[in-house]
Amino acid sequence: MYQGGVLRTKGIAAQIVADKIRSLFDKKGFAFFDGAKAFNLNIVGIRSPISDANDFDDRMIVVYRDDALEWVCDAFVITTDPGKKYLNRPINVAGAAILCPGQYRGVYEIAKHRGQYDALCQRGGKVKVWRDNNKDDTLDHDVDVDDGWFGINIHRAHPLRELEKVNGYSAGCQVFSSPSQFRDFMQLAKRSEHIFGNSFTYTLIDLADLVPPAGEIA
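It should be emphasised that the depicted structure is a prediction, and the values quoted were computed from it without experimental measurement.

Trainee: Explain the overall build of the protein to me, please; I cannot follow it from the model alone.
Mentor: The number of helices and strands found in the protein is four helices and 13 strands. For the protein, the C-alpha radius of gyration of 17 Å lies close to 17 Å, the compact-globule estimate for 218 residues. Projected onto its principal axes, the C-alpha positions of the protein cover 50 × 45 × 30 Å. In the protein, which comprises 218 residues, the share counted as buried stands at 50%. For the protein, the share of sequence-separated contacts (at least 6 apart) that also reach a separation of at least 24 residues comes to 63%. A total of about 10500 Å² of accessible surface is found on the protein, and carbon and sulfur atoms cover 49% of it. For the protein, the centre of its 27 positive side-chain charges and the centre of its 29 negative side-chain charges are spaced 5 Å apart.

Trainee: What should I look at first to understand helix H1 (residues 12–28) in this one?
Mentor: Every α-helical turn comprises 3.6 residues, leaving residues that sit three or four positions apart pointing alike. Compared with the 24 Å implied by 1.5 Å per residue over 17 residues, the 24 Å span of H1 between its first and last C-alpha is a close match. A positive backbone phi angle near 75° is found at Gly29, which sits one or two residues after H1.

Trainee: Can you help me understand the sheet that holds strand S10 (residues 145–148) in this one?
Mentor: As a general point, the strands of a sheet are linked pairwise by backbone hydrogen bonds and lie either parallel or antiparallel. Read from one edge of the open sheet, three strands run S6-S9-S10, paired in antiparallel fashion. This sheet does not close on itself; its edge strands, each paired only once, are strand S6 (96–99) and S10. Neighbour to neighbour, the strand axes of the sheet diverge by 40° on average, direction disregarded. Where strand S9 (residues 127–132) meets S10, four bridges bridge the pair, whose relative direction is antiparallel. Of the residues in S10, the one forming a bridge with Val129 is Asp146.

Trainee: Help me understand the pairing of strand S7 (residues 102–113), please; the structure alone is not making it clear to me.
Mentor: The side chains of a regular strand alternate, first on one face of the sheet and then on the other. Across four bridges, S7 lies against strand S13 (residues 200–206) in antiparallel orientation. By the bridge assignment for S13, Tyr108 is matched with Phe200. Alignment of S7 against strand S8 (residues 117–122), held across six bridges, turns out to be antiparallel. The residue bridging Ala111 from the neighbouring strand is Ala119, located in S8. In this antiparallel pair of consecutive strands, S7 and S8, the connection spans three residues, and Arg114 shows a positive phi of 55°.

Trainee: Looking at this model, I keep getting lost on the pattern of salt bridges. Mind explaining?
Mentor: Counted by the stated rule, this structure contains 12 salt bridges. The shortest N-O distance in the salt bridge between Arg47 and Asp81 comes to 3.0 Å. Taken together, the residues span a long stretch of sequence, with Arg47 in strand S3 (residues 42–47) and Asp81 in the loop between strand S5 (71–79) and helix H2 (84–88) at a distance of 34 residues. Judged on exposure class, the residue Arg47 and its partner Asp81 are both buried. Asp146 serves as the salt-bridge partner of Arg131, at 3.2 Å between the closest nitrogen and oxygen. Within this pair, whereas Arg131 is found in strand S9, its partner Asp146 is found in strand S10, the two being separated by 15 residues in sequence. One continuous salt-bridge network, built from bridges that share partners, spans Arg22, Asp34 and Arg65.

Trainee: Please explain the environment of Phe30 as it appears in this structure.
Mentor: Along the chain, Phe30 turns up in the loop between H1 and S3. The contacts of Phe30, once residues within four sequence positions are left out, are Phe25, Gly102, Gln103 and Thr203.

Trainee: Honestly, the side chain of His158 in this entry has me stumped. Any pointers?
Mentor: Looking at the element boundaries, His158 is found in the loop between strand S11 (154–156) and strand S12 (174–176). A relative accessible area of 14% places His158 in the buried class. Reaching out from His158, the side chain makes a polar contact with the backbone nitrogen of Leu160 at a distance of 3.0 Å. Here His158 is in contact with Leu163, Tyr169 and Pro179, once residues within four sequence places are set aside.

So, how was this worked out
Residues numbered from 1 in each chain as written. Predicted model: local features only at pLDDT ≥ 70, side-chain atom pairs only at ≥ 80, totals over all residues. Heavy atoms only, no water. Helix = DSSP H or I, 4+ residues; strand = E, 2+ residues; numbered from the N terminus. Rg over C-alpha atoms; globule rule 2.2 N^0.38 Å. Buried < 20%, exposed > 50% of the residue type's maximum accessible area, 1.4 Å probe, protein only. Contact = heavy atoms within 4.5 Å. Areas by Shrake-Rupley, 256 points an atom, 1.4 Å probe, with all protein chains shown as cover. Lys, Arg positive; Asp, Glu negative; His and termini not counted. Charge placed at Lys NZ, Arg CZ, Asp CG, Glu CD. Expected span 1.5 Å × (residues − 1). Pairing = 2+ DSSP bridges. Axes fitted to C-alpha atoms, helices over the stretch in contact; angles between N-to-C directions. Salt bridge = Lys/Arg side-chain N within 4 Å of Asp/Glu carboxyl O. Polar contact = N/O pair within 3.5 Å; in protein donor to acceptor, adjacent residues only side chain to side chain.

What follows is the structure, given as C-alpha cells:
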C-alpha cells in the first residue's frame, strides 16, 4: 500500500524481501543489518539494466523492522546514474561519475547537500565510480574505475514537484524523483539516527542480482 507517497510492504511480503536481500548479501559478503532491532536500515539501490540516460528508472528499497519488530520494505523511485547534462559535459575531466555496484559501509551521514538541505552525504569513506568520458547519452559501465571522495550523495531532484527526467539533477548522485518520497526517506533516516547514530550504509546492486535474465538460474 502507499503511505505518504511511499510504496510500503509489510508482513509476509516484506519478510520475503528481507530474506531475499539477506541471502544475496550473504553471497556477496555484504553486511545485512537486523539484530532484531527496530529501524536498523538496509538501504539498497537497484539499478535498471537500461543504458539510455536521463530517466528515473532505478529503485531504492529500505528494509527494516518497525516498532513492533515486524519487517517493512519501503520502495522509492530514483536514478543511480548521472543525467544527460553531466554525461555530455562532465564536471570531472576524467568523465562523468557512475557509482559502481557494491556496499559502501558507514560512508553516509545526514548532512547538508551543497549546504542547502538535509540529505545522506558521502562523509565516511571513499566510493568507486566508473568514468564515462565519451560524452554521449549512453551510460557506459566497465570503463575506468576511480576511487575517492566525489560527493556522491543521496538527495532529491526538484524541491516541489516530481520529475520524469534527470537532466542536471545528478552528476552521479543517487537522486529521488519525488520530493515527498525523499522527505519520507529522510524521516526514516533521522529516526534511525536517534538509535544507531549518524552513520549509514548504502548498497548498490543490479536488478539482475534479484531477477536474473531469462534462461539463467538465480
